[in-house]
Amino acid sequence: MKIVSSKPTITRKELEGVLDCLIQDTLASGAVVKQFEQALGNLLGMKYALATNSVTAAYHCAFMALGVTGGDEIIMPSFFHEAPLKACHLVGATPVLIDIAEGAYHPSPELIQKAITQKTKAIVLGHMFGIPLGFDLGDSSVPVVLDISHAIGMDTADIFLPSPSIAIASFSPSMMITTEMGAMVFTNNSRHYSYIRDVRNGVPHSHIPGFEYCMSDLHAALGLNQLLKLKDFVRRRRDIARIYYEALNKTHHTTVYAYNDHCTYQAFPVLFDAQPDIAEKFFKKNGIEIFHPVEVPLHQYCKLRNLDYPHSDRLSKKLFSLPIYPTLTKREIEKVSRVLTMFA
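Residues numbered from 1 in each chain as written. Predicted model: local features only at pLDDT ≥ 70, side-chain atom pairs only at ≥ 80, totals over all residues. Heavy atoms only, no water.

(A) Structural context of the overall build of the protein. Across its full length, the protein holds 13 helices and nine strands. Across its three principal directions, the C-alpha atoms of the protein cover 60 × 55 × 35 Å. Residue pairs in contact within the protein that sit at least 24 positions apart in sequence constitute 70% of those at least 6 positions apart. Approximately 15,400 Å² of the protein is accessible, and the part contributed by carbon and sulfur atoms is 53%. Treating the 33 positive side-chain charges of the protein as one cloud and the 33 negative ones as another, the clouds have centres 5 Å apart. (Helix = DSSP H or I, 4+ residues; strand = E, 2+ residues; numbered from the N terminus. Contact = heavy atoms within 4.5 Å. Areas by Shrake-Rupley, 256 points an atom, 1.4 Å probe, with all protein chains shown as cover. Lys, Arg positive; Asp, Glu negative; His and termini not counted. Charge placed at Lys NZ, Arg CZ, Asp CG, Glu CD.)

What follows is the structure, given as structure tokens:
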């Protein structure tokens, strides 16, 4: 039986919550969405939380709340998911893509500062794969939009470094908790909250039309029940990561960061000491699905040269993630570890 690369952890309890919404005929955005927003906002210590029906919608709302318009610039890493790039185009701004630092999954603070101009209206950063960024941006006055999708369950002191104007979490099936689709926007700024709430709810704002960006109670019910198990999810991911690290130490393969209890391990990235196609074929032959966590860096979507983004280009080709999710059985974890050591 094949071990898939990623699988959401959905149990009967979550399905019962969804069924209650169906029985009560509360599919539109309502009471359950508010409960989910309040529960996750309280967990993170944020004043305001607003659920949306997609992560692109969340970024679109965030950029509009920050006043980003045509001609403005948004700094973001090339080694990142597509949502902020899509939202950047929706508001008519120019994406300023920067490479990640060598030996990291994120840009260096120095490279970020160097990219800031008078046109810069926002900086997008994220805790890739559940590994804390661990730095602040000093005296920079440019608002930070922080993607915490991979960091839900991490200590809040680690999550909110750097300190964001707006934070965003995706709930897609491979994230720390899932609503199947959807996201949430967090802020402590009442003006940003009011703007995002109105635009999300379809209320026209100045020259901006409203959008149908609300999450449904159906999806929120799933997320609310997932949230109850978050601590167990994170503990399980850390336990699996610890086992993988032990196996990895017996090989010539590497990973960028050593094991750390502060990480949530949304993914387990490995740099194999072999050609990517050989690694993929070996694991596939042994019934294990591995994948590139960032297969296409953003600079390639923008048709920019790989030479200008060497670290993002290299990791997009060389970095794989091993299966790591709470429902992996002991036998499956042992098999992944064994095959990893075999591929030495």
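(B) The pairing of strand β9 (residues 319-322), seen in detail. Side chains of β9 alternate between two faces, with Leu319 and Ser321 and Phe320 and Leu322 buried alike. As judged from the four bridges shared by strand β8 (residues 268-271) and β9, these two strands associate in the antiparallel manner. Residue pairing in the sheet places Pro269 in a bridge with Ser321 of β9. (Buried < 20%, exposed > 50% of the residue type's maximum accessible area, 1.4 Å probe, protein only. Pairing = 2+ DSSP bridges.)

(C) Quick peek at the packing of helix α2 (residues 31-44) against helix α8 (residues 217-227). Running from N to C, α2 and α8 point in directions that differ by 35 degrees, and their axes come no closer than 8 Å. At the point where α2 passes α8, the crossing takes the left-handed sense. In this structure, α2 uses Ala31, Val32, Val33, Gln35, Phe36, Ala39, Leu40 and Leu43 to contact α8, whose residues at the interface are Asp217, Ala220, Ala221, Gly223, Leu224 and Leu227. Residues of the contact of α2 with α8, tallied by class, amount to eleven nonpolar, two polar and one charged. (Axes fitted to C-alpha atoms, helices over the stretch in contact; angles between N-to-C directions. Left-handed = near helix turned anticlockwise from the far one by under 90°. Nonpolar A, V, L, I, M, F, W, Y, C, P; charged D, E, K, R; others polar.)

(D) Structural view of the sheet that holds strand β7 (residues 183-187). With respect to topology, seven strands assemble into an open sheet ordered β1-β7-β6-β5-β4-β2-β3, the strand pairing being mixed. Unpaired on one side and paired on the other, β1 (48-52) and β3 (94-98) mark the two borders of the sheet. Sheet twist, expressed as the mean angle between neighbouring strand axes with direction ignored, is 20 degrees. Each of β1, β2 (73-77), β4 (120-126), β5 (144-147), β6 (166-170) and β7 is contacted by helix α3 (residues 55-65), which is oriented at about 170 degrees to β6, the strand it contacts most.

(E) Region of the structure containing the pattern of salt bridges. Taken as a whole and assessed by the stated rule, the structure comprises ten salt bridges. Among the ionic pairs, Arg235 bridges to Asp232, the shortest N-O distance being 2.7 Å. Of this pair, Arg235 and Asp232 are both found in helix α9 (residues 230-248), three residues apart, which corresponds to roughly one turn of the helix. Looking at Asp232, the relative accessible area reads 44%, which means it is partly exposed. Residue Asp239 is joined to Arg242 by a salt bridge in which the shortest nitrogen-to-oxygen separation is 3.1 Å. Taken together, the residues span about one helical turn, with Asp239 and Arg242 both in helix α9 at a distance of three residues. (Salt bridge = Lys/Arg side-chain N within 4 Å of Asp/Glu carboxyl O.)

(F) Here's a closer look at the nonpolar core. Counting residues in hydrophobic clusters, the biggest one holds 73 residues, and the most contacted among them are Tyr59, Phe63, Phe272 and Leu322. Ranked by the residues each element gives to this core, the list is headed by α3, at nine residues. Apart from the residues within four sequence positions on either side, Tyr59 is in contact with Phe80, His81, Ala83, Pro84, Ala87, Val124, Val145, Asp147 and Ile168. Val144, Ile159, Leu224 and Phe233 belong to the second largest nonpolar core, which has 42 residues in total. (Core = buried A, V, L, I, M, F, W, Y, C linked by side-chain atoms within 4.5 Å.)

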